[in-house]
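# Structural features, examined
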Amino acid sequence: MAMLLRKVWESVSTRSTSSNSTSTVNSMDRFDQMMMYVQTASTGEFDRIPLDIFIQILKILGPKESAKLSSVCKSWKFIVSDNRLWIYFLQNQHEPWDSTFFAETHLRSGPLRTFPNSVPELSFMSIYGQRAQVPGAIIIDGGSGYCKFGWSKYSAPSGRSATFLEFGNIESPMYSRLRHFFSTIYTRMQVKTSTQPIIVSIPICHYDDTESDKAARTQLKDAIHSALFDMNVPAVCAVNQAVLALFAARKVSGIVVNIGFNQTSIVPILYGKVMHQVGVEVVGIGAFKLTGFLKEQMQQKNIYFGSLYTVRTLKENLCYVALDYEAELSKDTSASFQIASEGCFTLSEERFKTGEILFQPHIAGVRAMGLQNAVALCMEHCQDAELMVDDSWYKTVVLAGGSACLPGLAERLEKEVCGLLPPCMNNGIRVLPPPYGVDSAWYGAKLIGNLSSFPTSWCVMKKQFRHRSRRKFMW
Ligand SMILES: Nc1ncnc2c1ncn2[C@@H]1O[C@H](COP(=O)(O)OP(=O)(O)OP(=O)(O)O)[C@@H](O)[C@H]1O
């Protein structure tokens, strides 16, 4: 093997000047290239090495050296540009290959406007090179309760902060509030605003298809852009939080059930676009209510706790959703959890009663539709809207939001929704747990930020925004 590698190196140094017609080869289609390769290709001494072995050598050499070899001659270029080789290199990167492949095949050309008929033929060699050069992005997923922030090249968000305590309602398009919010996060990240593009999630709000909600959505988006451009951010990509969570699940169409801080939204999304015309359903129960309900149950049982933070920790570590609520009531479900400085807590039926309020809100005294009814209703609206010949797009449900991490939620919701829908509709329904737990939207943004075509394909530049705003004003 060492000898083979030496030969590769010698060949590079002696033949690196022989290639001067790469642009012609680039413009030919794959079939022409193949024919030319078969008829004229020669890798000199290396012709004796089977192609598979050759590729193995390139794998050992790594991406940088393999790329250099492609400039030796047409034959080498042809071999080196083999997609299998670059898929191998991409598979060995920190980002999961499935996500990279999904992003490059579905999101590369920017926000989806039309239905792609087929997956484009891609050169993974150029994709590899372009991905290595993308600047990355600052990602801020500002939820109504918690904000997650970090850099797209990090493996996870670098920090979280409680939005609701610190900034109030960031959904209200108040320029000064947004600006304060963004500058606080930049200060916390210790980065200059002018150095990187930003991907920011747009909160799920103003969902109706009415003129006033449309205007409110535009106003919020404009306020986000204005605040960031006034802070000298070079490029801004603002995407709906539910859409980002869907991308994290490697889907562009489906229904996102986002269990937010104050409420749960059921958002139909087709090719990356929220279908406001179909209707977003909202259930008035969120993370805050779940914690509050567990607190009440603990008080009723005289279980002493220091703060709401204790209750929240118990919810995150002991609570789950029963597949069959009635059956669960007759079981011994007690379990304990140790909280440092507070001691050991034991919960029993509170463990599954807490999550049950999503399905039976009346248990907590809330007058609202159960989550299963809201999802089934949303599916019926999707079906009635007849947006696609193939009606399976809305049958994938992706859970998002921290509370969606409750174990058993996906299974229970799937069972309940299937039970509610008529047989002609309930075939093929799948409910997926949150792909990255509490950080799903952040990871969806990370896919965009690391795309080979980022930032051009997804971002609005300051100049473009100002130009657009001026035109809007003139009209
Ligand atoms: N494993 C878990 N089980 C249950 N709840 C959890 C779990 N992990 C996190 N949570 C809860 O998720 C909540 C935070 O959710 P999240 O960060 O999605 O809110 P948010 O983004 O502010 O909501 P919104 O969508 O309204 O903007 C907290 O109340 C937290 O206790």
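For the protein chain, the name recorded in an unreviewed UniProt entry is F-box domain-containing protein, with Solanum stoloniferum as its organism. What UniProt records for the protein chain under Sequence similarities (unreviewed entry) is the sentence "Belongs to the actin family."

### Brief notes about helix α8 (residues 97-106)
Taken across its 10 residues, α8 has seven buried, putting it largely inside the fold. On the buried face of α8, the contacting elements are α7 (83-91), α9 (124-133), α13 (241-248) and α20 (440-449).

### Topic: the side chain of Asp82
Relative to the helices and strands, Asp82 resides in the loop between α6 (74-80) and α7. Here the side chain of Asp82 touches Arg84 through a polar contact of 2.7 Å, side chain to side chain.

### Considering α7
Restricting attention to buried positions, one finds in α7 the residues Leu85, Trp86, Phe89 and Leu90. Buried residues of α7, seen end-on, are gathered within an arc of 135 degrees and therefore sit on one face of the element. Buried-residue contacts for α7 involve α4 (51-61), α5 (63-69), α6, α8 and α9.

### Digging into the environment of Glu350
By the element assignment, Glu350 lies in helix α17 (residues 350-356). In the structure, Glu350 is positioned 17 residues away from Thr333 in sequence and 9.1 Å away in space, judged by C-alpha atoms. Apart from the residues lying within four places of it in its own chain, the contact partners of Glu350 are Leu294, Gln297, Lys301 and Cys319.

### Quick look at the site of the ligand
Near the ligand, the surroundings consist of 19 residues, among which Ser144, Gly145, Tyr146, Lys148 and Glu316 are the closest. Contacts to the ligand include Gly145, whose backbone N or O atom sits 2.6 Å from an oxygen atom. Taking Asn258, its side chain carries an N or O atom lying 2.9 Å from an oxygen atom of the ligand. Per-element accounting of the shell around the ligand gives the leading share, three residues, to helix α15 (residues 308-318). Among the residues making up the shell around the ligand, the classes are represented as six nonpolar, nine polar and four charged.

### Focus on the state of the cysteines
Covalent bonding between the sulfur atoms of two cysteines defines a disulfide. Within this structure, the stated rule accounts for zero disulfides. Here Cys378 stays free of any disulfide, with the sulfur of Cys382 as its closest cysteine sulfur at 4.3 Å. Residue class for Cys378 comes out buried when judged on its relative accessible area of 0%. Using a relative accessible area of 2% as the deciding quantity, one classes Cys382 as buried.

Cut-offs applied
The numbering scheme is per chain: residues are counted from 1 as the chain's sequence reads. This being a predicted model, a pLDDT of at least 70 is required before a residue's local features are given, and a value of 80 or more before pairs of side-chain atoms are given or counted; all residues contribute to the totals for chains, interfaces and linings. Remark: hydrogens and water are excluded; side-chain values derive from all non-hydrogen atoms of the structure. UniProt positions are given in the numbering used here, feature names are shortened, and annotations may be inferred rather than shown by experiment. With a 1.4 Å probe rolled over the protein chains alone, any residue whose accessible area is under 20% of its type maximum counts as buried; one over 50% counts as exposed, and the rest are partly exposed. Each helix corresponds to a stretch of at least 4 residues labelled H or I by DSSP, and each strand to a stretch of at least 2 residues labelled E; elements are numbered beginning at the N terminus. We call two residues contacting when some pair of their heavy atoms lies within 4.5 Å. Whenever two N or O atoms come within 3.5 Å, that pair is a polar contact, provided that in protein one can donate a hydrogen and the other can accept it, and provided that, for residues adjacent in sequence, both atoms are side-chain atoms. By arc we mean the arc of the directions from the helix axis to the C-beta atoms, nothing more. Here a residue counts as near a molecule or strand whenever at least one of its heavy atoms sits within 4 Å of it. Classes in brief: Ala, Val, Leu, Ile, Met, Phe, Trp, Tyr, Cys and Pro nonpolar; Asp, Glu, Lys and Arg charged; the others, Gly included, polar. Disulfides are defined as pairs of cysteine sulfur atoms found within 2.5 Å of each other.

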